[in-house]
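Spelled out, the chains give:
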Amino acid sequence: NAWPYRKDKVASQILFHEVELLGVQEALHGQMMDLKERLPQYKYAGVGRDDGQTKGEYSAIFFDTTRLQLLETKTFWLSETPEKPGSKSWDAAITRIVTWCKFRDRKTRKIFFAFNTHFDHIGKVARRESAKLLKQKVNEIAGNTPAIIMGDFNSKPADEPIQVLLD
């Protein structure tokens, strides 16, 4: 199941299902390049979590450029210093990020936001505080504009981080 054996199948499924918006988690830079190469009508937004460039895992957003126009994108860190690349806080085992994009749908002309993340797998406090920070940032960034939140929350529907987001 190693990536070299899956990359073509992953790309073929994205194309077959005509995915217009896709959040990835745990993607390394080489994997991002493999998908970019195999998905010519797609672009991505996102950075590596360790340095805000290419080091570490991405929580990136791929989008079909024939359908979606990227208007703005940024990344923030799930920490007490969200603008500081590589930062982590609370009881997080590792650095975590959120990539967000502002899009215009070329078909409907409507504007919306997409947020993609991957919450910590160890820190219970980190997951709760990450949910609170994500909710705050969605409100600050998107305001009343529709927003999609996607990712790996390392939580079950009844767990506190999910309830924070749904509240």
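Draft legend 1. How the structure looks around the nonpolar core. Phe76, Leu78, Val98, Phe115, Phe119 and Leu134 are the most contacted members of the largest nonpolar core, which has 15 residues in total. Residue assignment for this core shows that the elements contributing at least two residues are β5 (97-105), β6 (111-118), α3 (124-142) and α4 (160-166). A total of five residues in this core trace back to one element, the largest contributor, which is α3. Filtering out sequence-adjacent residues up to four positions away, Phe119 remains in contact with Leu78, Arg96, Arg127, Ser130, Ala131, Leu134, Asp152, Phe153, Asn154 and Pro161. Grouped together as the second largest cluster of nonpolar side chains are 12 residues, Trp3, Met32, Leu35 and Tyr58 included.

Draft legend 2. Looking closely at the sheet that holds β5. Ordered in space as β4-β5-β6-β7, the four strands form an open sheet in which the pairing is mixed. Edge positions in the open sheet fall to β4 (68-77) and β7 (147-152), since each of these has one partner strand only. Along the sheet, successive strands turn relative to each other by an average axial angle of 20°, direction set aside. Taken strand by strand, α3 contacts β4, β5, β6 and β7, and its axis lies near 160° from that of β6.

Draft legend 3. Main features of the environment of Lys9. Structurally, Lys9 is set in helix α1 (residues 3-16). For Lys9, a relative accessible area of 60% corresponds to the exposed category. Here the alpha-carbon distance between Lys9 and Leu166, two residues 157 residues apart in the chain, equals 34 Å.

Draft legend 4. A look at α1. Taking 1.5 Å per residue as the helical rise, α1 with its 14 residues ought to reach 20 Å, and the 19 Å between its terminal C-alpha atoms agrees with that figure. For α1, the complete set of buried residues consists of Trp3, Lys7, Ala11 and Ile14. The arc enclosing the buried residues of α1, seen along the axis, measures out at 75°, which places them on a common side. Pointing more than 90 degrees away from the buried face of α1 are the exposed residues Tyr5, Lys9 and Phe16. The secondary structure elements touched by the buried residues of α1 are β1 (21-23), α2 (29-38) and β2 (42-45).

Draft legend 5. Seen up close, α2. Along α2, the residues classified as buried are Gln31, Met32, Asp34 and Leu35. Looking down the long axis of α2, one finds its buried residues gathered within 160° of arc, a one-sided arrangement. On the buried face of α2, the contacting elements are α1, β2 and β3 (61-64).

Draft legend 6. Quick look at the pattern of salt bridges. Taken as a whole and assessed by the stated rule, the structure comprises 13 salt bridges. For the salt bridge of Arg38 with Glu37, the shortest nitrogen-to-oxygen distance reads 3.9 Å. Note that Glu129 is salt-bridged to Lys132, the shortest N-O span being 3.5 Å. Of this pair, Glu129 and Lys132 are both found in helix α3, three residues apart, which corresponds to roughly one turn of the helix.

Rules used throughout
Residues numbered from 1 in each chain as written. Predicted model: local features only at pLDDT ≥ 70, side-chain atom pairs only at ≥ 80, totals over all residues. Heavy atoms only, no water. Core = buried A, V, L, I, M, F, W, Y, C linked by side-chain atoms within 4.5 Å. Buried < 20%, exposed > 50% of the residue type's maximum accessible area, 1.4 Å probe, protein only. Helix = DSSP H or I, 4+ residues; strand = E, 2+ residues; numbered from the N terminus. Contact = heavy atoms within 4.5 Å. Pairing = 2+ DSSP bridges. Axes fitted to C-alpha atoms, helices over the stretch in contact; angles between N-to-C directions. Expected span 1.5 Å × (residues − 1). Arc of directions from axis to C-beta. Salt bridge = Lys/Arg side-chain N within 4 Å of Asp/Glu carboxyl O.

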